[in-house]
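# Structure assessment
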Amino acid sequence: MSTVPGGDAMTVRYHRNGEAEVPEHQARPRPVAWSIHPADAAEFAADGLHCETRRCRNPQAVVTWRWWRSAEVGKVLLTEHLVCLEHGQQFAARHHTEVEPPPPRPCSSRHGRSR
Ligand SMILES: [Zn+2]
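Reference entry: report on the structure contained in this document.

Calculation notes
- Along each chain, the written sequence defines residue order, and numbers are assigned to residues from 1.
- Restriction of local features to residues with pLDDT of at least 70 applies here, the model being predicted, together with a cutoff of 80 or more for giving and counting side-chain atom pairs; totals for whole chains, interfaces and linings are based on all residues.
- The side-chain values count all of the structure's non-hydrogen atoms but skip hydrogen atoms and water molecules.
- DSSP-based pairing: two strands are paired if at least 2 bridges between them are found.
- Helix numbering and strand numbering both begin at the N terminus, where a helix is a DSSP run of H or I of at least 4 residues and a strand a DSSP run of E of at least 2.
- The classification of residues rests on relative accessible area computed with a 1.4 Å probe and restricted to protein chains. Under 20% of the type maximum is buried, over 50% is exposed, and intermediate values are partly exposed.
- This arc corresponds to the set of directions leading from the helix axis out to the C-beta atoms.
- What makes two residues a contact is simply this: any of their non-hydrogen atoms within 4.5 Å.
- What counts as a ring pair is set by centres within 6.5 Å for rings of Phe, Tyr and Trp (its six-membered ring), and what kind of pair is set by the plane angle: stacked under 30 degrees, edge-to-face over 60, tilted for all other angles.
- The rule for donors is simple: N, O or S, within 2.8 Å of the metal, or within 3.2 Å if the metal is Na, K or Ca. Water isn't counted, so a site may look like it is missing partners.
- Only four donors with every angle between 85 and 135 degrees are called tetrahedral; only four or six donors with opposite donors over 155 degrees apart and all others between 65 and 115 are called square planar or octahedral, in that order; all others are irregular.

## Remarks on the pairing of strand β3 (residues 62-70)
Direction of pairing for strand β2 (residues 32-35) relative to β3: antiparallel, over a ladder of 4 bridges. Following the sheet pairing, Ala33 is matched in β3 by Thr64. Taken together, the 9 bridges between β3 and strand β4 (residues 75-83) define a ladder with antiparallel strand orientation. The residue of β4 that forms the bridge with Trp65 is Glu80. Taking the residues between adjacent antiparallel strands as the criterion, β3 and β4 are bridged by 4 residues, where Gly74 takes a positive phi near 70 degrees.

## Let's talk about helix α2 (residues 85-94)
His87, Gly88, Phe91 and Ala92 are the residues of α2 that are buried. The buried side chains of α2 occupy one side of the element, clustering within an arc of 145 degrees when seen end-on. Exposed residues pointing more than 90 degrees away from the buried face of α2 are listed as Ala93 and Arg94. Close packing links the buried residues of α2 with β2, β3, β4 and β5 (99-100).

## Brief notes about the packing of aromatic side chains
Scanning all chains against the criterion turns up 2 aromatic pairs. Seen in terms of ring centroids, Trp65 and Trp67 are 5.8 Å apart; in terms of plane orientation they differ by 90 degrees. Their pairing is edge-to-face. Joined through ring pairs, the aromatic side chains of Trp34, Trp65 and Trp67 make up one cluster.

## Quick word on the coordination of the zinc ion
Within the first shell, the zinc ion binds the protein through Cys51 (SG), Cys56 (SG), Cys84 (SG) and His87 (ND1), at distances of 2.0 to 2.3 Å. Each of the 4 donor atoms bound to the zinc ion contributes to angles spanning 101 to 116 degrees, and the resulting shape is tetrahedral. All donors to the zinc ion come from one chain, and their sequence spacing reads C-x4-C-x27-C-x2-H. Placement of Cys56 in the loop between α1 (38-46) and β3 and of Cys84 in the loop between β4 and α2 is noted, with a sequence separation of 28 residues between them. The pair formed by Cys56 and Cys84 is uniform in burial state, with each residue classed as buried.

The following block contains the structure:
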């Protein structure tokens, strides 16, 4: 049974594994940040999650994606963080972008995340 690898990474918005692969020939995408849907944010808060920035205990409000090339595996990997509004805006400012609006509908309803 073979499945087609890759190609759909950008259609999946929450990667709790924290990594996704980009084909080697593809340029590294720009960093991106967008607001978490209120329903998702409420669910994350109910799970006891908070901003992933060190020492910050604010509720999660923004998802950030940053792409980086791993010399170890020779691929572009995706690092995802869920942060508060303030740190999301700082991320966006640092990368000369803006926090995008939330998706039209909630993305999560995926319990059992490892952290
Ligand atoms: Zn924060």
